[in-house]
Amino acid sequence: MSKTTIPAGGLATDSVTTAKIADSAVTAAKAGFSAGKIAQVLGVQKTDKASTSSTSYADISGLSQAITPSATSSKILIMVSIKGIASDNSTTDALNLRLMRDSTQLSEAAGITFGSTEQDNQSCPIVFLDSPSSTSELTYHMEFKSRLSNSSSINNTSGDDDSELVVMEVLA
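Reading the values: rules and limits
- Residues numbered from 1 in each chain as written.
- Predicted model: local features only at pLDDT ≥ 70, side-chain atom pairs only at ≥ 80, totals over all residues.
- Heavy atoms only, no water.
- Helix = DSSP H or I, 4+ residues; strand = E, 2+ residues; numbered from the N terminus.
- Buried < 20%, exposed > 50% of the residue type's maximum accessible area, 1.4 Å probe, protein only.
- Contact = heavy atoms within 4.5 Å.
- Areas by Shrake-Rupley, 256 points an atom, 1.4 Å probe, with all protein chains shown as cover.
- Pairing = 2+ DSSP bridges.
- Axes fitted to C-alpha atoms, helices over the stretch in contact; angles between N-to-C directions.
- Salt bridge = Lys/Arg side-chain N within 4 Å of Asp/Glu carboxyl O.
- Polar contact = N/O pair within 3.5 Å; in protein donor to acceptor, adjacent residues only side chain to side chain.
- Core = buried A, V, L, I, M, F, W, Y, C linked by side-chain atoms within 4.5 Å.

### A few points about the overall build of the protein
Thought 1: Looking only at helices and strands, the protein features one helix and ten strands.
Thought 2: In the protein, which comprises 172 residues, the share counted as buried stands at 33%.
Thought 3: Long-range pairs, those at least 24 residues apart, make up 81% of the contacts in the protein between residues at least 6 apart in sequence.
Thought 4: Counting only carbon and sulfur atoms, one obtains 49% of the accessible surface of the protein, whose full area is about 9,700 Å².

### Some details on the sheet that holds strand β6 (residues 104-113)
Thought 1: Taken in spatial order, the four strands of this open sheet run β3-β8-β5-β6, and their pairing is antiparallel. The strands lining the two open edges of the sheet, one partner per strand, are β3 (58-67) and β6. Neighbour to neighbour, the strand axes of the sheet diverge by 15° on average, direction disregarded.
Thought 2: Direction of pairing for strand β5 (residues 94-101) relative to strand β8 (residues 138-146): antiparallel, over a ladder of seven bridges. Looking across to β8, one finds that L99 is bridged to M142.

### What to know about the pattern of salt bridges
Thought 1: Applying the stated criterion across every chain, the model contains three salt bridges.
Thought 2: As a salt-bridge pair, D48 and K46 come within 2.9 Å of each other at their nearest N and O atoms.
Thought 3: The class for D48 is partly exposed, based on a relative accessible area of 44%.
Thought 4: Measuring nitrogen to oxygen at the nearest pair gives 2.7 Å for the salt bridge that ties R98 to E143. You can see R98 sitting in strand β5 and its partner E143 sitting in strand β8, a full 45 residues away along the chain.
Thought 5: You can call E143 buried: its relative accessible area is 9%.

### Some details on the environment of E108
Thought 1: Positionally, E108 belongs in strand β6.
Thought 2: Judged by its relative accessible area of 39%, E108 is partly exposed.
Thought 3: With 35 residues separating them in the primary sequence, E108 and E143 have C-alpha atoms 9.4 Å apart.
Thought 4: Not counting residues up to four positions away in its chain, the partners in contact with E108 are Y57, N96, L97 and R98.
Thought 5: Within polar-contact distance, the side chain of E108 engages the side chain of Y57 at 2.3 Å.

### Observations regarding the nonpolar core
Generally speaking, a soluble globular protein has its nonpolar side chains buried in company with each other.
Thought 1: I82, L97, M142 and I154 are the most contacted members of the largest nonpolar core, which totals 24 residues.
Thought 2: Taken together, the elements giving at least two residues each to this core come down to β3, β4 (75-87), β5, β6, β7 (122-130), β8 and β10 (163-171).
Thought 3: With five residues, the single largest contributor to this core is β4.
Thought 4: Setting aside residues no more than four positions away along its own chain, M142 makes contact with A58, D59, I60, L63, V80, I82, L97, R98, L99, I126 and L165.

### A word on the environment of I76
Thought 1: Within the secondary structure layout, I76 lies in strand β4.
Thought 2: The contact partners of I76, leaving out residues within four places of it in the chain, are I67, P69, F128, L129, D130, P132, Y140, V167, M168 and E169.

### Topic: the side chain of S134
Thought 1: Its location among the elements puts S134 in the loop between β7 and β8.
Thought 2: Reaching out from S134, the side chain makes a polar contact with the backbone nitrogen of S136 at a distance of 2.9 Å.
Thought 3: Setting aside residues up to four positions removed in sequence, S134 forms contacts with P69, A71 and T72.

What follows is the structure, given as structure tokens:
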């Protein structure tokens, strides 16, 4: 079948629909974009409670995931969901969270306050697109600290309030 070029001004509005275009007729290069492909997806789920009263950052045990990018041009999409955030006894304290790649801080959620001594069990999502330019193993992990040295925790409730960390390699 031969292809014919028709000037855009010669087409009636809505005369060419997606269903009428052959799959092989449009490529990402012709469309002007390159869709990234997901090369790998890895993740962990933390089901137990973790508490801290330290005013210095400490690892959240169980919220760490290693990934080895296949190309230096790959990006790593990190999605974290920290659930069941609560203060054990303070209305004035706050919890700080930070996302790390090995020893490098990527993102911080500072000053998550509670507002009452009741277990509010707040959640905190963190999404970050990293460009590590590496093909070496990278470890993404979460850390937390208390602002005023009162005991604060995550995964404070049972059931569906498990915290998660997912990493995805996005190919260029």
